[in-house]
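So you can see what is in the structure, the chains are spelled out below.
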Amino acid sequence: MNLMSKPPLGLKEPKEGKDPTYLAEVRRLPCCICDAFGLPQLSPTQAHHPIHGRLSNVKRPDSMALPLCEGHHIGDFDASKIALHRDPALWKDHYGPDTDWIAATQDKIAQMRANTI
């Protein structure tokens, strides 16, 4: 401890931990884009950590993950959709920022948890 009773410089607050349970719950949901736009979901749901508005390469916490089908997420196997990681700007033009889908996902997870109690 130093004379000012403060921790040494350079120490940072711990980052929010990983939440594999939350990610598993996200993967049980339908793709938020297919669901909202009435599109057929042709591939399994994946958990996507939002990238729009991110100012660094630091991944957002698991509690902000969204359910996206493989086609809307990566697009390697289902090329019939606009894939977020292939063209983030085009995806944003069509569906809005991926951060806009966080609250609805969190609400659905909360409903799932309430229904299992």
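Right above here is the structure, for reference.
Residues numbered from 1 in each chain as written. Predicted model: local features only at pLDDT ≥ 70, side-chain atom pairs only at ≥ 80, totals over all residues. Heavy atoms only, no water.

Colleague: An account of the pairing of strand E2 (residues 66–69) is requested, with residue identities and associated values reported.
Modeller: Every second residue of E2 is oriented toward a common face, with Leu 66 and Leu 68 on one face and Pro 67 and Cys 69 on the other, all of them buried. Here four bridges tie strand E1 (residues 45–48) to E2, and the two strands are oriented antiparallel to one another. Within the sheet, the bridge partner assigned to Ala 47 lies in E2 and is Pro 67. (Buried < 20%, exposed > 50% of the residue type's maximum accessible area, 1.4 Å probe, protein only. Helix = DSSP H or I, 4+ residues; strand = E, 2+ residues; numbered from the N terminus. Pairing = 2+ DSSP bridges.)

Colleague: Explain the nonpolar core to me, and be specific about the residues and the numbers.
Modeller: Most often, soluble globular proteins keep nonpolar side chains buried together rather than apart. If you look at the biggest cluster of nonpolar residues, it comprises 14 residues, and the most contacted ones within it are Cys 31, Ile 33, Leu 68, Trp 91, Tyr 95 and Trp 101. Of all the secondary-structure elements, those providing two or more residues to this core are helix H2 (32–37), E2 and helix H4 (88–95). Residues within four places of Tyr 95 in sequence aside, it is in contact with Ile 33, Phe 37, Leu 39, His 72, Ile 82 and Trp 101. One finds Leu 23, Val 26, Leu 29 and Ile 109 within the second-largest nonpolar core, a separate group that totals seven residues. (Core = buried A, V, L, I, M, F, W, Y, C linked by side-chain atoms within 4.5 Å. Contact = heavy atoms within 4.5 Å.)

Colleague: Any details on the packing of aromatic side chains? Residues and values, ideally.
Modeller: Counting across every chain of the model gives three aromatic pairs. With a centroid separation of 5.1 Å and 70° between ring planes, the pair formed by Phe 37 and Tyr 95 is classed as edge-to-face. Highlighted residues: Phe 37 in helix H2 and Tyr 95 in helix H4, separated in sequence by 58 residues. Of the residues examined, Tyr 95 reaches a relative accessible area of 13% and is grouped as buried. Taken together, a centroid distance of 5.2 Å and an interplanar angle of 65° make the contact between Trp 91 and Tyr 95 edge-to-face. (Phe/Tyr/Trp six-rings, centres within 6.5 Å; stacked < 30°, edge-to-face > 60°.)

Colleague: Now, about the environment of Ala 104: what can you tell me, with residues and values included?
Modeller: Checked against the element boundaries, Ala 104 lands in helix H5 (residues 102–115). Judged by relative accessible area, which is 38%, Ala 104 ranks as partly exposed. Each C-alpha atom, one on Ala 104 and one on Leu 66, is 9.0 Å from the other, the two residues being 38 residues apart in sequence.

Geometry only, nothing functional implied.
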